[in-house]
Amino acid sequence: MTKIDKQQLETAIQAGRKHVHLPFSLHLFDTVSSTNQILWNLLSQGAEPGCTVIATQQTAGRGQWGRQWISDDGGLYLSLAIAPKLDVTNGYQLTLATAWGIAKQLQESGVPTQIKWPNDLVLKRRKLGGILTETKVQQGRIAQAIIGVGINWANPVPETGINLKTWQALNDSKSIPTLEILAATVLIGIESGIQCLLAEGANILISRYLELLSNMGDRVYHNDIAGTVVGVTQQGALRVCTEACEFVTVQSREIYFQPGTISLGYDG
Ligand code: BTN
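As the structure is a computational prediction, the values presented were derived from the model and not from experiment. (Residues numbered from 1 in each chain as written. Predicted model: local features only at pLDDT ≥ 70, side-chain atom pairs only at ≥ 80, totals over all residues. Heavy atoms only, no water.)

## Some details on the site of the ligand
What surrounds the ligand is a group of 21 residues, the closest being Ser34, Gln58, Arg62, Gln64 and Lys127. Within the side chain of asparagine 36, a nitrogen or oxygen atom sits 3.5 Å from a nitrogen atom of the ligand. About the coverage of the ligand: the protein hides 98% of its 420 Å² of free accessible area. Of all elements in the fold, only helix H2 (35–44), strand E5 (76–82), strand E8 (126–138) and strand E9 (141–151) reach the threshold of two or more residues within the shell around the ligand. Counting residues per element, the shell around the ligand draws most heavily on E8, at four residues. Across the shell around the ligand, the residue classes tally to six nonpolar, twelve polar and three charged. (Near = heavy atom within 4 Å. Polar contact = N/O pair within 3.5 Å; in protein donor to acceptor, adjacent residues only side chain to side chain. Areas by Shrake-Rupley, 256 points an atom, 1.4 Å probe, with all protein chains shown as cover. Helix = DSSP H or I, 4+ residues; strand = E, 2+ residues; numbered from the N terminus. Nonpolar A, V, L, I, M, F, W, Y, C, P; charged D, E, K, R; others polar.)

## Digging into the pattern of salt bridges
Counting across every chain of the model gives eight salt bridges. Across the pair arginine 62 and glutamate 134 runs a salt bridge whose closest N-O atoms are separated by 3.0 Å. Here the residue arginine 62 occupies a position in the loop between strand E4 (57–58) and E5, and glutamate 134 occupies one in strand E8, the gap between them amounting to 72 residues. Salt-bridge contacts for aspartate 120 lead to lysine 116; the nearest nitrogen and oxygen are separated by 3.8 Å. Considered together, aspartate 120 and lysine 116 belong to a single accessibility category, that of buried residues. (Salt bridge = Lys/Arg side-chain N within 4 Å of Asp/Glu carboxyl O. Buried < 20%, exposed > 50% of the residue type's maximum accessible area, 1.4 Å probe, protein only.)

## A look at helix H3 (residues 92–108)
Taking 1.5 Å per residue, 17 residues should reach 24 Å; H3 reaches 25 Å between its end C-alpha atoms and fits that length. Counting buried positions along H3 gives 14 out of 17 residues, so the element sits mostly inside the fold. Once H3 finishes, glycine 110 follows within two positions and takes phi at roughly 105 degrees, a positive value. (Expected span 1.5 Å × (residues − 1).)

## Observations regarding unusual backbone geometry
In the segment running from tryptophan 117 into proline 118, the intervening peptide bond is cis, with an omega of -5 degrees. The residue proline 118 is located in the loop between strand E6 (114–116) and strand E7 (120–123) in this model. One non-glycine residue, asparagine 223, adopts positive backbone phi at about 45 degrees. Tracing the backbone through its elements, the reader meets asparagine 223 in the loop between strand E10 (219–222) and strand E11 (225–232). Given a relative accessible area of 63%, asparagine 223 falls into the exposed group.

## A look at the UniProt feature "domain: BPL/LPL catalytic" (unreviewed entry) in the protein chain
Mapped onto this structure's residue numbering, the UniProt feature "domain: BPL/LPL catalytic" (unreviewed entry) falls at residues 10–198. Between the end C-alpha atoms of residues 10–198 there is a gap of 25 Å, over a span that is 32% helix and 27% strand. (UniProt positions renumbered as here; feature names shortened; annotations may be inferred.)

Structure representation (structure tokens):
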């Protein structure tokens, strides 16, 4: 059973953080049902924003769109509570901000991570991790949010996946030497992504997200429509420019896919 050392994790967080915005209070486990679920339980008992639950195995991991997230021993399963006071219509920005923040932080550590729309972290075009944001809404505003992140560290992965430990061994890389350093990198990445969104705004966040998006320029085929990925809207929809005939105006050539309505797929 993989263990996380609290002292080493705290040291790594302190060493890696440029600015402190949230005090993280850490709850570490070997196996839980779902770190998101444990964190909701802690919030209902009065836990504050910054509360973090980390495990190395989950028995009922939750994925996007109601899917299961297979969570064998050796992975990083992490959930962080925040209280962002965002309008509910902008809720998906939390996922985009998290994806950008973690990918950027991993890149700065020497792991060339990109984003696959909308919420996948990819390495060598294979899935390294994913993000599931869950929210509680009051009067149209997000009162509480839990950002859940799963990263393949040493756990087994399917053919379309990749785990960081194996990638590092094959590439003679010591960029992220321990699971504690990975957990600190992810926490600092989430913090910097959310900080970018709340302090600099959605426009700047999206422009940074697009710089790390592996799908820019990809061809998309859906229901007899063919087009090219040209960006992402502030609500997280994929912007696709279709090849319509010349008399159609430029605006009407662009179509939008909401997160979860199409999958861009993986190689292999
Ligand atoms: C996806 O479907 O790509 C997102 C998966 C997110 C999984 C993480 S693991 C930690 C947290 N707890 C959960 O039950 N799910 C998220």
